[in-house]
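Okay, here's what each chain looks like letter by letter:
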Amino acid sequence: MNEHEFRTLLTKATEDRPPGINLMPATPKRRLGGVLTPKRRLARVLVPIASLGVAALVGAIAVVLPASQSSAQAQVLAAAENTSQESYRIHTTSGAKVFDGAIDPVQRVAVITRAGDGAETRFIGDQMFDKESRDAKWMVSPRSDVQLASAPPVVALVKLAPLDPQAALQRLRSATDVREHGSASGQGWTGRRFTFSLEDANGTEAKGIPGKSLRATGAVDVDDQGRVRRLEVTFGDTGQRLVMEISDFGTPVSVTAPPADQVEQLPAEKPGKPTKPTKPTDEPTVKTS
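Given the structure is predicted, the values throughout are model-derived calculations rather than measurements.

Thresholds applied
- Residues numbered from 1 in each chain as written.
- Predicted model: local features only at pLDDT ≥ 70, side-chain atom pairs only at ≥ 80, totals over all residues.
- Heavy atoms only, no water.
- Buried < 20%, exposed > 50% of the residue type's maximum accessible area, 1.4 Å probe, protein only.
- Helix = DSSP H or I, 4+ residues; strand = E, 2+ residues; numbered from the N terminus.
- Pairing = 2+ DSSP bridges.
- Axes fitted to C-alpha atoms, helices over the stretch in contact; angles between N-to-C directions.
- Contact = heavy atoms within 4.5 Å.
- Polar contact = N/O pair within 3.5 Å; in protein donor to acceptor, adjacent residues only side chain to side chain.
- pLDDT = per-residue confidence, 0-100.

## Looking at the pairing of strand β3 (residues 88-94)
Side-chain positions along a regular strand alternate between the two faces of the sheet. Only one face of β3 is buried, namely the one carrying Y88, I90, T92 and S94, since none of R89, H91 and T93 on the opposite face is buried. As paired elements, β3 and strand β4 (residues 97-104) share 7 bridges and run antiparallel to each other. By the bridge assignment, H91 is partnered in β4 with D100. Between the end of β3 and the start of β4, which pair antiparallel, lie 2 residues, with G95 showing a positive phi angle near 65 degrees. In this sheet, strand β13 (residues 240-247) lies alongside β3 in antiparallel orientation, the contact comprising 6 bridges. Across the sheet, the residue bridging to T93 is V243, located in β13.

Structure representation (C-alpha coordinates):
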(Lines give C-alpha, C1' and ligand atoms only; values in the text may rest on other atoms or scores of the structure.)
Protein backbone atom coordinates (compact mmCIF):
# COMPACT_ATOMS: atom_id res chain seq x y z
CA MET A 1 0.00 0.00 0.00
CA ASN A 2 1.53 3.34 -1.00
CA GLU A 3 1.37 6.55 1.08
CA HIS A 4 -1.59 8.00 -0.84
CA GLU A 5 -3.65 4.81 -0.47
CA PHE A 6 -2.78 4.63 3.24
CA ARG A 7 -3.85 8.23 3.89
CA THR A 8 -7.13 7.70 2.01
CA LEU A 9 -7.86 4.55 4.01
CA LEU A 10 -6.99 6.33 7.26
CA THR A 11 -9.34 9.20 6.44
CA LYS A 12 -12.22 6.87 5.62
CA ALA A 13 -11.63 4.75 8.71
CA THR A 14 -11.80 7.75 11.08
CA GLU A 15 -14.67 9.72 9.53
CA ASP A 16 -17.26 8.42 12.00
CA ARG A 17 -15.24 8.75 15.25
CA PRO A 18 -17.36 9.69 18.31
CA PRO A 19 -17.55 13.38 19.22
CA GLY A 20 -14.87 14.57 21.58
CA ILE A 21 -12.39 11.83 20.76
CA ASN A 22 -9.18 12.95 19.12
CA LEU A 23 -7.37 10.08 17.43
CA MET A 24 -4.32 12.26 16.78
CA PRO A 25 -3.65 14.10 20.07
CA ALA A 26 -1.07 16.83 20.20
CA THR A 27 2.34 15.30 20.71
CA PRO A 28 4.38 16.45 23.67
CA LYS A 29 7.52 18.37 22.95
CA ARG A 30 11.00 17.88 24.31
CA ARG A 31 13.94 20.22 24.52
CA LEU A 32 16.85 19.52 22.20
CA GLY A 33 19.70 22.01 22.21
CA GLY A 34 17.43 24.72 23.53
CA VAL A 35 14.74 24.11 20.86
CA LEU A 36 11.39 22.45 21.58
CA THR A 37 10.76 19.54 19.17
CA PRO A 38 7.86 17.03 18.91
CA LYS A 39 8.55 13.55 20.23
CA ARG A 40 8.63 10.80 17.59
CA ARG A 41 5.30 9.29 18.57
CA LEU A 42 3.71 9.43 15.12
CA ALA A 43 4.57 5.83 14.21
CA ARG A 44 3.15 4.54 17.52
CA VAL A 45 -0.12 6.40 16.87
CA LEU A 46 -0.47 5.47 13.20
CA VAL A 47 0.07 1.74 13.59
CA PRO A 48 -3.00 1.01 15.76
CA ILE A 49 -5.14 3.43 13.76
CA ALA A 50 -4.08 1.80 10.49
CA SER A 51 -4.92 -1.58 11.97
CA LEU A 52 -8.38 -0.33 12.89
CA GLY A 53 -8.88 1.08 9.38
CA VAL A 54 -7.87 -2.14 7.60
CA ALA A 55 -9.99 -4.24 9.95
CA ALA A 56 -13.00 -2.02 9.29
CA LEU A 57 -12.45 -2.21 5.56
CA VAL A 58 -12.11 -6.01 5.55
CA GLY A 59 -15.19 -6.30 7.73
CA ALA A 60 -17.20 -4.17 5.30
CA ILE A 61 -16.12 -6.34 2.36
CA ALA A 62 -17.06 -9.49 4.27
CA VAL A 63 -20.56 -8.09 4.82
CA VAL A 64 -21.03 -7.26 1.14
CA LEU A 65 -19.49 -10.48 -0.27
CA PRO A 66 -19.99 -13.77 1.63
CA ALA A 67 -16.52 -15.20 2.21
CA SER A 68 -17.33 -18.74 1.01
CA GLN A 69 -18.92 -17.56 -2.24
CA SER A 70 -16.35 -14.90 -3.16
CA SER A 71 -13.40 -17.14 -2.27
CA ALA A 72 -14.71 -20.13 -4.24
CA GLN A 73 -15.47 -18.08 -7.33
CA ALA A 74 -12.10 -16.35 -7.16
CA GLN A 75 -10.31 -19.71 -6.94
CA VAL A 76 -12.17 -21.09 -9.97
CA LEU A 77 -11.43 -18.01 -12.06
CA ALA A 78 -7.80 -18.08 -10.99
CA ALA A 79 -7.58 -21.76 -11.92
CA ALA A 80 -8.99 -21.08 -15.39
CA GLU A 81 -6.37 -18.36 -15.84
CA ASN A 82 -3.55 -20.55 -14.52
CA THR A 83 -4.50 -23.32 -16.93
CA SER A 84 -3.96 -20.93 -19.82
CA GLN A 85 -0.30 -20.45 -18.92
CA GLU A 86 1.03 -23.77 -20.26
CA SER A 87 0.24 -26.57 -22.69
CA TYR A 88 -1.78 -29.65 -21.75
CA ARG A 89 -3.70 -32.63 -23.11
CA ILE A 90 -7.44 -33.23 -22.87
CA HIS A 91 -9.83 -36.17 -22.97
CA THR A 92 -13.50 -35.23 -23.35
CA THR A 93 -16.71 -37.24 -23.46
CA SER A 94 -19.87 -35.51 -24.63
CA GLY A 95 -22.86 -37.79 -24.88
CA ALA A 96 -21.69 -40.74 -26.97
CA LYS A 97 -18.78 -38.84 -28.50
CA VAL A 98 -15.16 -38.94 -27.37
CA PHE A 99 -12.52 -36.29 -28.12
CA ASP A 100 -8.77 -36.25 -27.49
CA GLY A 101 -6.37 -33.44 -28.07
CA ALA A 102 -3.43 -31.24 -27.17
CA ILE A 103 -3.62 -27.50 -26.53
CA ASP A 104 -1.00 -24.78 -26.12
CA PRO A 105 -2.88 -21.63 -25.04
CA VAL A 106 0.28 -19.52 -25.03
CA GLN A 107 1.15 -20.31 -28.67
CA ARG A 108 -2.59 -20.39 -29.52
CA VAL A 109 -2.42 -23.76 -31.26
CA ALA A 110 -4.39 -26.94 -30.68
CA VAL A 111 -5.41 -30.19 -32.33
CA ILE A 112 -8.56 -32.12 -31.36
CA THR A 113 -9.65 -35.46 -32.85
CA ARG A 114 -12.96 -37.25 -32.52
CA ALA A 115 -12.70 -40.98 -31.90
CA GLY A 116 -14.06 -43.40 -34.47
CA ASP A 117 -14.55 -41.33 -37.61
CA GLY A 118 -11.33 -39.35 -38.13
CA ALA A 119 -12.94 -35.95 -37.61
CA GLU A 120 -10.31 -33.40 -36.61
CA THR A 121 -10.04 -29.75 -35.66
CA ARG A 122 -6.88 -27.65 -35.65
CA PHE A 123 -6.44 -24.18 -34.21
CA ILE A 124 -3.66 -21.89 -35.38
CA GLY A 125 -3.92 -18.34 -34.10
CA ASP A 126 -7.32 -16.94 -35.07
CA GLN A 127 -8.03 -19.67 -37.62
CA MET A 128 -9.81 -22.98 -37.21
CA PHE A 129 -9.39 -25.87 -39.66
CA ASP A 130 -11.79 -28.77 -39.36
CA LYS A 131 -12.97 -31.79 -41.29
CA GLU A 132 -15.90 -34.09 -40.64
CA SER A 133 -14.17 -37.36 -41.52
CA ARG A 134 -10.81 -38.77 -42.60
CA ASP A 135 -11.51 -38.26 -46.30
CA ALA A 136 -13.36 -34.95 -46.05
CA LYS A 137 -12.00 -31.60 -47.21
CA TRP A 138 -10.66 -29.23 -44.60
CA MET A 139 -12.77 -26.13 -43.97
CA VAL A 140 -11.15 -22.96 -42.65
CA SER A 141 -13.01 -20.33 -40.63
CA PRO A 142 -12.51 -18.00 -37.66
CA ARG A 143 -11.93 -20.03 -34.52
CA SER A 144 -14.98 -21.06 -32.56
CA ASP A 145 -14.55 -18.70 -29.61
CA VAL A 146 -14.72 -15.79 -32.06
CA GLN A 147 -17.91 -17.15 -33.63
CA LEU A 148 -19.47 -17.72 -30.21
CA ALA A 149 -18.24 -14.53 -28.57
CA SER A 150 -21.77 -13.20 -28.03
CA ALA A 151 -23.45 -16.57 -27.47
CA PRO A 152 -25.13 -17.18 -24.09
CA PRO A 153 -22.84 -19.02 -21.63
CA VAL A 154 -24.65 -22.38 -21.69
CA VAL A 155 -24.84 -22.51 -25.48
CA ALA A 156 -21.20 -21.46 -25.79
CA LEU A 157 -20.02 -23.97 -23.22
CA VAL A 158 -21.71 -26.97 -24.84
CA LYS A 159 -20.19 -26.08 -28.22
CA LEU A 160 -16.75 -25.01 -27.04
CA ALA A 161 -15.86 -27.65 -24.47
CA PRO A 162 -15.14 -30.56 -26.86
CA LEU A 163 -13.25 -28.46 -29.40
CA ASP A 164 -11.78 -25.41 -27.67
CA PRO A 165 -11.35 -26.26 -23.99
CA GLN A 166 -9.48 -23.09 -23.12
CA ALA A 167 -12.28 -20.91 -24.50
CA ALA A 168 -14.78 -23.09 -22.63
CA LEU A 169 -12.97 -22.50 -19.33
CA GLN A 170 -13.27 -18.75 -19.85
CA ARG A 171 -17.07 -19.14 -19.91
CA LEU A 172 -16.85 -20.09 -16.24
CA ARG A 173 -16.62 -16.34 -15.60
CA SER A 174 -20.41 -16.37 -16.02
CA ALA A 175 -20.89 -19.11 -13.42
CA THR A 176 -23.04 -18.39 -10.39
CA ASP A 177 -23.48 -20.07 -7.02
CA VAL A 178 -19.86 -21.23 -7.01
CA ARG A 179 -19.12 -23.25 -3.87
CA GLU A 180 -16.31 -25.41 -2.56
CA HIS A 181 -17.46 -29.02 -2.39
CA GLY A 182 -14.80 -31.13 -0.73
CA SER A 183 -11.62 -32.75 -1.96
CA ALA A 184 -10.79 -34.10 -5.41
CA SER A 185 -8.01 -36.27 -6.81
CA GLY A 186 -6.80 -38.01 -9.93
CA GLN A 187 -3.73 -39.71 -11.30
CA GLY A 188 -0.77 -37.85 -9.84
CA TRP A 189 -2.69 -34.94 -8.33
CA THR A 190 -4.92 -33.88 -5.44
CA GLY A 191 -7.00 -30.76 -4.99
CA ARG A 192 -10.44 -29.32 -4.31
CA ARG A 193 -13.80 -29.59 -6.06
CA PHE A 194 -16.06 -26.62 -6.74
CA THR A 195 -19.67 -26.73 -7.93
CA PHE A 196 -21.38 -24.05 -10.02
CA SER A 197 -24.48 -23.10 -12.01
CA LEU A 198 -24.94 -21.46 -15.42
CA GLU A 199 -28.10 -19.99 -16.88
CA ASP A 200 -29.08 -18.43 -20.21
CA ALA A 201 -32.08 -16.19 -19.64
CA ASN A 202 -33.32 -16.32 -23.25
CA GLY A 203 -31.57 -19.45 -24.47
CA THR A 204 -34.64 -21.56 -25.21
CA GLU A 205 -36.35 -18.98 -27.39
CA ALA A 206 -34.56 -20.67 -30.29
CA LYS A 207 -36.56 -23.79 -29.46
CA GLY A 208 -39.84 -21.91 -29.50
CA ILE A 209 -40.23 -21.77 -25.73
CA PRO A 210 -39.92 -18.06 -24.91
CA GLY A 211 -39.61 -17.08 -21.29
CA LYS A 212 -37.88 -20.28 -20.21
CA SER A 213 -34.19 -20.48 -19.34
CA LEU A 214 -31.47 -22.90 -20.32
CA ARG A 215 -29.58 -24.13 -17.29
CA ALA A 216 -26.48 -26.13 -16.58
CA THR A 217 -24.87 -27.32 -13.40
CA GLY A 218 -21.37 -28.61 -13.00
CA ALA A 219 -18.21 -29.16 -11.04
CA VAL A 220 -14.60 -28.04 -11.49
CA ASP A 221 -11.69 -29.92 -9.93
CA VAL A 222 -8.69 -27.70 -9.18
CA ASP A 223 -5.35 -29.25 -8.24
CA ASP A 224 -3.03 -28.06 -5.47
CA GLN A 225 -1.09 -26.00 -8.01
CA GLY A 226 -4.23 -24.04 -8.88
CA ARG A 227 -4.93 -25.58 -12.31
CA VAL A 228 -8.16 -27.05 -13.67
CA ARG A 229 -7.98 -30.83 -13.88
CA ARG A 230 -11.56 -31.82 -14.57
CA LEU A 231 -14.71 -30.06 -15.77
CA GLU A 232 -18.06 -31.81 -15.54
CA VAL A 233 -21.27 -30.22 -16.82
CA THR A 234 -24.86 -31.45 -16.94
CA PHE A 235 -27.15 -29.55 -19.31
CA GLY A 236 -30.74 -28.76 -18.40
CA ASP A 237 -33.55 -31.26 -18.03
CA THR A 238 -32.12 -33.57 -20.69
CA GLY A 239 -29.29 -34.66 -18.43
CA GLN A 240 -26.75 -34.52 -21.26
CA ARG A 241 -23.37 -34.79 -19.60
CA LEU A 242 -19.98 -33.50 -20.65
CA VAL A 243 -16.75 -34.42 -18.89
CA MET A 244 -13.38 -32.90 -19.78
CA GLU A 245 -10.17 -34.15 -18.15
CA ILE A 246 -6.88 -32.23 -18.36
CA SER A 247 -3.44 -33.80 -17.95
CA ASP A 248 0.22 -33.73 -19.03
CA PHE A 249 0.87 -30.05 -18.38
CA GLY A 250 3.91 -28.75 -20.21
CA THR A 251 3.77 -31.32 -23.02
CA PRO A 252 5.05 -29.72 -26.27
CA VAL A 253 2.32 -29.16 -28.88
CA SER A 254 3.10 -28.74 -32.58
CA VAL A 255 0.32 -27.97 -35.07
CA THR A 256 0.62 -27.25 -38.80
CA ALA A 257 -1.99 -26.00 -41.22
CA PRO A 258 -3.35 -28.55 -43.72
CA PRO A 259 -1.98 -28.37 -47.30
CA ALA A 260 -3.53 -25.46 -49.16
CA ASP A 261 -4.94 -27.68 -51.91
CA GLN A 262 -6.95 -29.60 -49.30
CA VAL A 263 -8.55 -26.54 -47.72
CA GLU A 264 -11.77 -24.77 -48.63
CA GLN A 265 -13.13 -21.54 -47.19
CA LEU A 266 -16.25 -22.06 -45.11
CA PRO A 267 -19.18 -20.51 -47.08
CA ALA A 268 -20.25 -17.14 -45.72
CA GLU A 269 -23.71 -16.82 -44.25
CA LYS A 270 -26.23 -15.59 -46.81
CA PRO A 271 -27.67 -12.12 -46.13
CA GLY A 272 -31.08 -12.26 -44.49
CA LYS A 273 -30.73 -15.93 -43.59
CA PRO A 274 -30.01 -16.31 -39.88
CA THR A 275 -27.74 -19.04 -38.66
CA LYS A 276 -29.60 -22.01 -37.25
CA PRO A 277 -29.50 -21.72 -33.47
CA THR A 278 -27.51 -24.26 -31.54
CA LYS A 279 -29.44 -26.30 -29.00
CA PRO A 280 -27.64 -27.32 -25.84
CA THR A 281 -29.55 -30.62 -26.00
CA ASP A 282 -27.80 -31.47 -29.26
CA GLU A 283 -24.55 -33.38 -29.05
CA PRO A 284 -21.71 -31.06 -30.06
CA THR A 285 -20.15 -31.74 -33.42
CA VAL A 286 -16.70 -30.84 -34.70
CA LYS A 287 -18.09 -28.14 -36.95
CA THR A 288 -19.30 -25.27 -34.80
CA SER A 289 -20.46 -22.81 -37.42
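Additional details are given in the paragraphs that follow.
## Section: the sheet that holds β3
Read across the open sheet, the 12 strands follow the order β9-β10-β11-β12-β13-β3-β4-β5-β6-β7-β8-β14; overall the sheet is mixed. Taken across any chain shown, the strands that pair with only one partner, and hence form the sheet edges, are β9 (176-186) and β14 (263-265). Ignoring which end each strand starts from, the neighbouring axes of this sheet average 20 degrees apart. On the sheet, helix α5 (residues 153-163) packs against β3, β4, β5 (109-114), β6 (120-124), β10 (189-200), β11 (214-223), β12 (228-235) and β13 and is oriented at approximately 140 degrees with respect to β10.

## Quick look at the side chain of E120
As for its placement among the helices and strands, E120 is situated in strand β6. Residue E120 is classed as buried on the basis of its relative accessible area, which comes to 14%. A polar contact of 2.7 Å, which involves the side chain of E120, links it to the side chain of R122.

## Digging into the pairing of β13
Of the strand pairs in this sheet, β12 and β13 are connected by 6 bridges, and their pairing is antiparallel. Its bridge partner being in β13, E232 is matched across the sheet by V243.

## As for the confidence of the model for the protein
Predicted confidence across the protein gives a mean pLDDT of 74, with 62% of residues reaching 70 or more. Segment residues 203-211 is flagged for pLDDT under 50; beyond a separation of four residues in sequence, or across chains, it makes 10 contacts in the model.

## Considerations on the environment of L169
Within the element layout of this structure, L169 appears in helix α6 (residues 165-170). The class for L169 is buried, based on a relative accessible area of 0%. Between the alpha carbons of L169 and T83 there is a distance of 8.8 Å; along the sequence they are 86 residues apart. Residue contacts for L169: discarding those within four places in its chain leaves A80, T83, V228, L231, M244 and I246.

## A closer look at α5
Counting buried positions along α5 gives 11 out of 11 residues, so the element sits mostly inside the fold. Burial in α5 covers these residues: P153, V154, V155, A156, L157, V158, K159, L160, A161, P162 and L163.

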